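Now for the letters of each chain:
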Amino acid sequence: MATSKKMNMTPASIERATKALLKVGYKCNNACSFCHSAPHAGIEATHEELSAKIQACVSAGVDLIVFSGGEPTIREDLPQLVAVVERASKSMGLITNGRMLAYKGFRRKLLSRSLTYIQVSLAGAVSSTHDAMVRVPGAFAQTIEGLKGVLLKQSESPLLITINSVLTKAMAAELDKMAQLLLYLAAPLRINQSSAHPRLRFKLSALEPEGNALKYLRPQENRISNQAAACRYFFLNWAPKLESIGIEVGFEGFPLCLMSPYEFRVMDLWSDSFLYMSEAFENTLHPIDDNHRKRYSVCHLCSMDDCPGLYRTYESRHGHSELKPIIEKRSNSIVFQKEASFDQIGDFCPQRQMEGSKKCNAHDGKIAPKPHPFDSLYAFQKKEWHLWQTKTHDFGNRALHHTKNQLEQIYLLDQESQNTHGEKLFHTVTKMQIADFCRTCPQKDTCGKIFVTLKNNVIARAESLIGSLISQLEGKWLDLGCGTAPYSNYSKPSLHLIGIDPDKKSLQTRAAAGTSENTQKCETGALRHKALSARAEDLPFSAGTFDGVLSVRSLPHFRNPVAAAREVFRVIRPRGKFHLLTDVLFGILAAPPKCENNRFQHYRNPTVDQAADLLRFAGFQIEEEKTRVPGPSTSNLAWISASKPAN
């Protein structure tokens, strides 16, 4: 391997760099008893196929290309693949078992190249355990030798190194020894303890019951609740000491409910800013997804709605009774803070894009920092440009990506307003959307993008939509979580509407606008709408009482949405309707002094798909043609129409 200039990256920028994971093939010099890729043994991507994928990564604006397998270091054409990456001025990473790194010549040549990111697997803290789990005698000694050699290079060039251990029963029994091994390995590092971005990380991964795990491991010995308990033990007893010397500790693959109170320690592809991946047998790149995991009925109770759930193959064998939902109050929005103004961004001039320029300074290295695809964005408002970033711990990159890049639910708060939460919030914000020139950019997925003001008043349109719906209702209906009943004046005389809400203060406000304690006149004065104090989870009505139920912006406030959905199903007559209108998670561009006021609004922030799954679980049939999903040109109000089957 010829030497080349190292990419200009720091440990902090390596962690945030946009990444793609390329599986080069499934040949390996280990035979791990927990390997989930074993069924693909024998499949290898050609050099030409991998070169084409690297070019696709470059075209998409990926900063760091990570090779995995199988074992990428045993490919004879690895130097040539690295050269393809370097010619594009990109950095390279490896996910490896580390054995080839034990060879000084190989390691020295590799570390002199563009390698900045490396993950090494350890299956045990001692040689007997590790070698037995990877089923190769002497493998542990080689991996440790390779790790020591790589760690010593930290003082010469930036590297982000992760040691990953799958939490088999054998590994769980050696966590104390693993901590001691980490302390030993980190001793020569002299890591700057004040650094917010350690260069050495340790990750405990949940065992995925695929491939060799089904063949060599006993399922009952590796229940996920036991793995999670071992992981929490490690965090409680060892994380403080390890992090005091600069070793970051995290986990991957566990449902978040099993990791409380350590759910913020997620260390997976999403948190590492991976955007794309491609298996060796695939022809193209595809976005990172969580299709191998799923949320189940019990997950509807949980406040951790950013969690992708439990491995599907695990649930098919063991069920999901080990999941223990966490119910707690959380923020209803993602708060972005202003980081820089236009005159601080140097040569960056997004206005050129509006004038038809074919070149975007966000991608040619003229601005720093480049807006991160998940947590950053540029906003243009009143002829001014600003860089906004969120430092939230309430929501992970999955939620940020879904809210900002897919639904485009970003709002600019009126900087003179003091309303940062509650019903009045949406009367003091302006909807933003991604600029048209960003939508057609080939690098749009790897950039935070530019948001511009949406001219249409989407808030007024949403309110009009609610009013239009209510004006069409007839018969006996239940208003679930009616609050102060701001929409009752839209109703027609043929509608008999009964509202319930557990908040007596809201009901008192409503009653003050009516003629008695529990009634309120509609606009025509022809009908009196009742209001009762009750909980959605325990409705004081007989089965089949109502022709339909209406719920407007109440779902996130139900402590037990499963019980509420079942109660709604009970009190609706056969063929009755359930109109569920709910706000999905949104981002708000707000000044720092107002940020703290925007917490603890909801129990959860379900997506449209999660809300629809909840209704299906309760027995409803979703009327897909009437379901409204928020998008770039609409507010964050979702509308799901469902019906109770005839039988």
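Residues numbered from 1 in each chain as written. Predicted model: local features only at pLDDT ≥ 70, side-chain atom pairs only at ≥ 80, totals over all residues. Heavy atoms only, no water.

### Points about the packing of aromatic side chains
Then, number 1: Evaluation of the coordinates by the stated rule reveals 11 aromatic pairs.
Then, number 2: Between the aromatic rings of Tyr411 and Phe586, the centroid separation amounts to 5.9 Å while the plane-to-plane angle is 90 degrees, which identifies the pairing as edge-to-face. Of this pair, Tyr411 sits in strand β15 (residues 410-413) while Phe586 sits in strand β24 (residues 586-589), placing them 175 residues apart in sequence. For the pair Tyr411 and Phe586, one class covers both residues: buried.
Then, number 3: Centre to centre, the rings of Phe569 and Phe620 are 5.1 Å apart; their planes meet at 85 degrees, and the pair counts as edge-to-face. Here Phe620 lies in the loop between α19 (608-618) and β25 (621-622) and Phe569 lies in helix α17 (residues 561-571), a separation of 51 residues in the sequence.
Then, number 4: Here Phe620 falls in the buried class, since its relative accessible area comes to 4%.
Then, number 5: Counting every residue linked through ring pairs, the aromatic cluster contains Phe235, Phe251, Phe254 and Tyr262.
Then, number 6: Arg265 extends its terminal NZ or CZ atom over the ring of Phe235, reaching a point 5.3 Å from the ring centre.
Then, number 7: Across the ring face of Phe546, the terminal group of Lys476 is positioned such that the distance to the ring centre comes to 5.7 Å. (Phe/Tyr/Trp six-rings, centres within 6.5 Å; stacked < 30°, edge-to-face > 60°. Helix = DSSP H or I, 4+ residues; strand = E, 2+ residues; numbered from the N terminus. Buried < 20%, exposed > 50% of the residue type's maximum accessible area, 1.4 Å probe, protein only. Lys NZ or Arg CZ within 6 Å of the ring centre and 35° of its normal.)

### Notes on the packing of helix α6 (residues 139-152) against helix α8 (residues 175-186)
Then, number 1: Close contact between α6 and α8 brings their axes to 10 Å; oriented N to C, the two are set at 40 degrees. In terms of axis orientation, α6 runs oblique to α8. Only Leu181, Tyr184 and Leu185 of α8 make contact with α6, whose side of the interface consists of Phe140, Ile144, Leu147, Lys148 and Leu151.
Then, number 2: A class-by-class count of the residues in the contact of α6 with α8 yields 7 nonpolar, no polar and 1 charged. (Axes fitted to C-alpha atoms, helices over the stretch in contact; angles between N-to-C directions. Parallel < 35°, antiparallel > 145°, perpendicular 65-115°, else oblique. Contact = heavy atoms within 4.5 Å. Nonpolar A, V, L, I, M, F, W, Y, C, P; charged D, E, K, R; others polar.)

### Side note on the nonpolar core
Then, number 1: Ranked by size, the top nonpolar core spans 154 residues in total, and within it Phe67, Phe234, Phe235, Phe254, Leu478 and Leu480 carry the most contacts.
Then, number 2: With 14 residues, the next largest nonpolar core counts Leu550, Leu581, Leu637 and Trp639 among its residues. (Core = buried A, V, L, I, M, F, W, Y, C linked by side-chain atoms within 4.5 Å.)

### Thoughts on the sheet that holds strand β7 (residues 247-252)
Then, number 1: Taken together, 9 strands build an open sheet; the order of strands is β7-β6-β5-β4-β3-β2-β1-β8-β9 and the sheet is mixed. Two strands in the sheet have a free side with no partner beyond their single neighbour: β7 and β9 (286-287).
Then, number 2: As paired strands, strand β8 (residues 274-278) and β9 are joined by 2 bridges and run antiparallel to one another. Bridged to Tyr276 within β9 is Pro287.
Then, number 3: The sheet strands contacting helix α3 (residues 78-87) are β2 (64-68) and β3 (91-96), and the helix crosses β2 at an angle near 165 degrees. (Pairing = 2+ DSSP bridges.)

### Things to note about the pairing of β2
Then, number 1: The buried count for β2 comes to 5 of 5 residues, which makes it a mostly enclosed element.
Then, number 2: Here β2 shows two buried faces, one formed by Leu64, Val66 and Ser68 and the other by Ile65 and Phe67.
Then, number 3: In terms of strand pairing, strand β1 (residues 19-23) meets β2 through 5 bridges, oriented parallel. Residue pairing across strands places Lys19 opposite Leu64, the latter belonging to β2.
Then, number 4: With helix α2 (residues 47-59) bridging β1 and the parallel β2, this β-α-β connection has right-handed handedness.
Then, number 5: Bridge count between β2 and β3: 4 bridges; the pairing is parallel. (Right-handed = clockwise from strand over helix to strand, strands pointing away.)

### Looking at the environment of Val136
Then, number 1: Mapped onto the fold, Val136 is located in the loop between α5 (127-134) and α6.
Then, number 2: Separated by 104 residues in sequence, Val136 and Cys32 have C-alpha atoms that sit 8.5 Å apart.

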